[in-house]
Amino acid sequence: MKSLIALACAFALPGIALAADHGPVFSYATPVNSQRELSFDTGIFGRSGSNGAQLSTGSSIGYGLTPHITVNAFLPATFGSGSLQESRIVSGSEWTAGASWRFLHSVTSVGKRIESTASLGVVVPGPQRDSGVLGSLHRAPGIAGSLAAGLASRSKYLWIGGGYTRFAEASDDRRPDTLSWSGVYGYRPAKLRRGYNQWDYRGFAELTGEHTGSVLKSGMILQNSSTTTLWLGPSVLAIFKNIAISGGVQAPVFRDASESIYGREHLRFAINFSYLKYSSHTSSH
Amino acid sequence: MKKMIATAFFVLLPLAAHAEYEQVNLTVFGMDCAPCAHAIHVSMKGIEGVNTVEVELNTGLVTIKLAPGNRASMKQFNQAVEKNGFTHKDAEVIVRGRLAGTANAPVLEVSGTSDRYALSPMVGSLDIVSLLGKTVTISGVIPQAPKGKVSDTLRYKTITEVR
């Protein structure tokens, strides 16, 4: 019941995250919805490690209130029993809702934009429990904020971003705070810079990192529960008009995480499908 | 009196019927991908009176052709661009309207809309005194205006009387 109330509050708040519905699959990016545009996303996210695998599916809906403010909500479902560390880059079992504000938006030439987007939202524990250490914790809602900036053009994309999530305590337990960051470079070859009636492809190299704080269990810090990891991998995005399909994989390039607590995570992947419903509404004269 | 009203009605009717945008070409800034172009296409097609819309991603050129008798306004084209998070440069237009004002300060009134433009020549100056009060077709450029605004100037290349 608490979760339901919190979720209702979250929907009422002008607050959250994930800005991109047709950008990179792992990284922070700046695009927001057009005014009155509805976006529907559904995806599969996988994490595989020595302690097992975790598969999540998630669906999100976004709505453009203005050309620069989008409200959105994300509802995941998880499967599997991988005892893995906290991650905000790959979705877990938390429901989120909030808003993204593209506060800087410079469009001064054909096919090019420089922009920055901030997101703020509420993260609410879903009905499913995590596995492993995190699964044994009492759960409470948290707040997530992120900031992304970068360039989009017909040939190149470059975005950097970072986010922070902090959970509240519940019965002397607390999920770890998470600091996430990402850098992504995208490229569309000249041959693929085609008309909008044809499939549009672009490739990305995505570098993501996360530092998760210590787990608080029964009022005590769980030793060695803090982690730092860095992930790198390619992703591809294909778009036809208002439909987008993207997929990518990542492997760890740096890992500082207790194997006895979390095992050894060695692969992440994501596949996402987006449908964008644009509004044809304009005012009369 | 009735005859005068009827005469005035039949004289003015064709002026209103023939006053409209025929074509608008916008160079839109910021479109990088297919959904951007699709969004512009959908928004422009949503404007009543728009016949066809072509969007060229690599040049940013959006070509809008309108049906005869339409009442679309420049503000609507601007909104269609801005609500998708883009801006556009000058707008090239072919528009019909009534030439009003004076020889020194001619004005184009696009009937059926509140659009009204002070005219200035792009190159040289044409003798338009004989066209004052008549319905004309003008091709020219409406300069880029600040966001949410429509320029009140039309720089014309050609003016021809509609017969």
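Conventions and cut-offs
- Residues numbered from 1 in each chain as written.
- Chains lettered and ligands numbered in written order.
- Predicted model: local features only at pLDDT ≥ 70, side-chain atom pairs only at ≥ 80, totals over all residues.
- Heavy atoms only, no water.
- Helix = DSSP H or I, 4+ residues; strand = E, 2+ residues; numbered from the N terminus.
- Contact = heavy atoms within 4.5 Å.
- Areas by Shrake-Rupley, 256 points an atom, 1.4 Å probe, with all protein chains shown as cover.
- Lys, Arg positive; Asp, Glu negative; His and termini not counted.
- Charge placed at Lys NZ, Arg CZ, Asp CG, Glu CD.
- Buried area = accessible area lost by both parts, 1.4 Å probe.
- Salt bridge = Lys/Arg side-chain N within 4 Å of Asp/Glu carboxyl O.
- Polar contact = N/O pair within 3.5 Å; in protein donor to acceptor, adjacent residues only side chain to side chain.
- Nonpolar A, V, L, I, M, F, W, Y, C, P; charged D, E, K, R; others polar.
- Pairing = 2+ DSSP bridges.
- Axes fitted to C-alpha atoms, helices over the stretch in contact; angles between N-to-C directions.
- Buried < 20%, exposed > 50% of the residue type's maximum accessible area, 1.4 Å probe, protein only.
- pLDDT = per-residue confidence, 0-100.
- 1 Å grid on protein atoms, 1.4 Å probe; cavity = no way out; pocket = protein on both sides within 12 Å on 5 of 7 lines; lining within 4 Å.
- Points joined across faces, edges and corners; volume = space filled by probe spheres on them.
- Phe/Tyr/Trp six-rings, centres within 6.5 Å; stacked < 30°, edge-to-face > 60°.
- Lys NZ or Arg CZ within 6 Å of the ring centre and 35° of its normal.

**Q** Help me understand the overall build of chain A, please; the structure alone is not making it clear to me.
**A** Of regular secondary structure, chain A possesses 3 helices and 14 strands. Projected onto its principal axes, the C-alpha positions of chain A cover 60 × 40 × 30 Å. If you take every contact in chain A between residues at least 6 apart in sequence, the share linking residues at least 24 apart comes to 64%. For chain A, the exposed surface amounts to about 11,900 Å²; the carbon and sulfur share of it is 65%. Charge centroids of chain A, computed over 25 positive and 17 negative side chains, lie 10 Å from each other.

**Q** Would you take a moment to explain the interface of chain B and chain A for this structure?
**A** Put simply, an interface is often sized by how much accessible area is lost when its parts join up. Taken together, the contacts link 39 residues of chain B with 37 residues of chain A. For the chain B and chain A pair, buried surface summed over both sides reaches about 2,800 Å², with 54% attributable to carbon and sulfur atoms. The salt bridge partner of B:Asp32 is A:Arg113, with a shortest N-O separation of 2.5 Å. Counting across the chain B and chain A interface gives 16 residue pairs in polar contact (both at pLDDT 80 or more). Sorting the residues of the side of chain B that touches chain A by element identifies strand E1 (21-29), helix H2 (34-45) and helix H3 (74-82) of chain B as the ones contributing at least two each. Top element by residues in the side of chain B that touches chain A is H2(B). It accounts for 9 residues. Its residues assigned to classes, the side of chain B that touches chain A shows 16 nonpolar, 17 polar and 6 charged.

**Q** Explain the sheet that holds strand E13 (residues 243-256) of chain A here, please?
**A** Two pairing modes exist for strands in a sheet, parallel and antiparallel, and in both the strands are linked by backbone hydrogen bonds. Taken in spatial order, the 12 strands line up as E1-E2-E3-E4-E5-E6-E7-E8-E9-E12-E13-E14 (chain A) and close into a barrel, and their pairing is antiparallel. Averaged over all neighbouring strand pairs, the angle between strand axes comes to 20°, with direction disregarded.

**Q** Is there a simple way to think about the pattern of salt bridges in this case?
**A** Two side chains of opposite charge can pair, provided their charged atoms sit close to one another. Residues and elements named next belong to chain A. Going through the model one piece at a time under the given rule, you end up with 18 salt bridges over all chains. When the shortest N-O distance is used, the salt bridge between Arg-175 and Glu-94 registers 2.9 Å. Of this pair, Arg-175 sits in the loop between strand E7 (156-167) and strand E8 (178-187) while Glu-94 sits in strand E4 (residues 94-109), and the two are 81 residues apart along the sequence. The burial state of Arg-175 is the same as that of Glu-94; both residues are buried. For the salt bridge of Glu-115 with Arg-113, the shortest nitrogen-to-oxygen distance reads 3.0 Å. Take Glu-115: its relative accessible area is 1%, and that puts it in the buried class. On the basis of relative accessible area, Arg-113 is assigned to the buried category, the value being 5%.

**Q** How should the environment of B:Val55 be read in this particular structure?
**A** By the element assignment, B:Val55 lies in strand E2 (residues 50-56). With 21 residues separating them in the primary sequence, B:Val55 and B:Ala34 have C-alpha atoms 9.8 Å apart. Discounting residues that sit within four places of it in the chain, B:Val55 has contacts with A:Tyr196, B:Met31, B:Ala37, B:Ile40, B:His41, B:Leu61 and B:Val62.

**Q** When you look at the confidence of the model for chain A in this model, what are you seeing that I'm missing?
**A** When pLDDT drops low, the exact placement of atoms in the prediction is not to be read closely. Per-residue pLDDT for chain A has a mean of 88; in total, 92% of the residues score no lower than 70. When mean pLDDT is compared element by element in chain A, E8(A) scores highest at 97, while helix H1 (residues 2-12) of chain A scores lowest at 38.

**Q** What is the right way to read empty space enclosed by the protein from this model?
**A** One way to see where empty space is left: roll a probe the size of a water molecule over the atoms. In total, this model carries 4 cavities of 30 Å³ or more according to the counting rule given. Roughly 180 Å³ of volume is contained in the second largest cavity. Residue lining of the second largest cavity: 19 residues in total, with A:His22, A:Val32, A:Arg113, B:Cys36 and B:Phe86 positioned closest to the centre. Residue assignment for the lining of the second largest cavity shows that the elements contributing at least two residues are E7 of chain A together with H2 of chain B. Counting residues per element, the lining of the second largest cavity draws most heavily on H2(B), which supplies 3 residues. Considering only residue class, the lining of the second largest cavity consists of 10 nonpolar, 4 polar and 5 charged.

**Q** Looking at this structure, I do not really get the packing of aromatic side chains. What am I missing?
**A** Given two aromatic rings, their pairing is described by the distance between the two centres and the angle made by the two planes. Residues and elements named next belong to chain A. Summed over the entire model, instances satisfying the criterion amount to 8 aromatic pairs over all chains. Their ring planes at 40° and their centres at 5.5 Å tell us that Tyr-157 and Trp-159 sit as a pair that is tilted. There is no split in this pair, since Tyr-157 and Trp-159 are both buried. Between Trp-159 and Phe-204, the ring centres sit 6.4 Å apart and the planes meet at 35°, which makes this aromatic pair tilted. With Trp-159 in strand E7 and Phe-204 in strand E9 (residues 200-212), the pair connects residues that are 45 residues apart, well separated along the chain. The same class applies to Trp-159 as to Phe-204, namely buried. One aromatic cluster in this structure is built from Tyr-157, Trp-159 and Phe-204. Its end group placed over the ring of Phe-167, Arg-175 keeps NZ or CZ at 5.4 Å from the ring centre.

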